[in-house]
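Examining the three-dimensional arrangement
The primary structure of each chain is shown beneath.
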Amino acid sequence: MPTSMYPNEIKIKPNQGGKAAIERLVEAYGFTTRQALADHLGVSKSMLANRYMRDTFPADWIIQCALEKGIPLRWLWTFEGPMWLDTKAQIIRLVKKSVAESP
């Protein structure tokens, strides 16, 4: 039985999951409508509606949102894990790891 070399691997299916992903983007940005998302992204309402109706996965918009809002890609991509990371806990872990690795 083959196993993946990458335990956190996310399978990309470009023609599936677009509706849910667009809804997550609306939530992540704090908008109440898809029109507000289209305006923010600088795309026409018809382009967003086309991706939504065809269920085309908006990978480019997902990456843009992750960079702009600091929301984890995993949450935006799959709706798994926390929407917001506990950055203070992550910083503490990084500092502890760095100190432990120092000579």
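Just above, that's the structure.
One structure accompanies this document, and this report is about it.

About the thresholds
Residues numbered from 1 in each chain as written. Predicted model: local features only at pLDDT ≥ 70, side-chain atom pairs only at ≥ 80, totals over all residues. Heavy atoms only, no water. Salt bridge = Lys/Arg side-chain N within 4 Å of Asp/Glu carboxyl O. Helix = DSSP H or I, 4+ residues; strand = E, 2+ residues; numbered from the N terminus. Buried < 20%, exposed > 50% of the residue type's maximum accessible area, 1.4 Å probe, protein only. Phe/Tyr/Trp six-rings, centres within 6.5 Å; stacked < 30°, edge-to-face > 60°. Lys NZ or Arg CZ within 6 Å of the ring centre and 35° of its normal. Axes fitted to C-alpha atoms, helices over the stretch in contact; angles between N-to-C directions. Parallel < 35°, antiparallel > 145°, perpendicular 65-115°, else oblique. Contact = heavy atoms within 4.5 Å. Nonpolar A, V, L, I, M, F, W, Y, C, P; charged D, E, K, R; others polar.

**A closer look at the pattern of salt bridges**
Applying the stated criterion across every chain, the model contains two salt bridges. The salt bridge involving E23 is made with R34; its shortest N-O contact spans 3.2 Å. Placement of the pair is E23 in helix α1 (residues 18–29) and R34 in helix α2 (residues 34–41), with a sequence separation of eleven residues. The partly exposed category is assigned to R34, whose relative accessible area is 35%. For the salt bridge of D60 with R51, the shortest nitrogen-to-oxygen distance reads 2.8 Å.

**Things to note about the packing of aromatic side chains**
All told, the structure shown has one aromatic pair when counted by the stated rule. The interplanar angle of 20 degrees and the centroid separation of 5.4 Å between the aromatic rings of Y29 and F31 together place this pair among those described as stacked. Take Y29: its relative accessible area is 10%, and that puts it in the buried class. Look at F31 and you get partly exposed, because its relative accessible area is 25%. R34 extends its terminal NZ or CZ atom over the ring of Y52, reaching a point 3.9 Å from the ring centre. The ring of W61 has R51 lying over it, and the distance from NZ or CZ to the ring centre is 4.1 Å.

**Quick notes on the packing of α1 against α2**
Contact geometry of α1 with α2 gives a least axis separation of 10 Å together with a crossing angle of 80 degrees. Compared by their axis directions, α1 and α2 come out roughly perpendicular. For the pair formed by α1 and α2, the contact residues are I22, E23, L25, V26 and Y29 on the first element and R34, L37, H40 and L41 on the second. Taken together, the residues that form the contact of α1 with α2 break down as six nonpolar, one polar and two charged.

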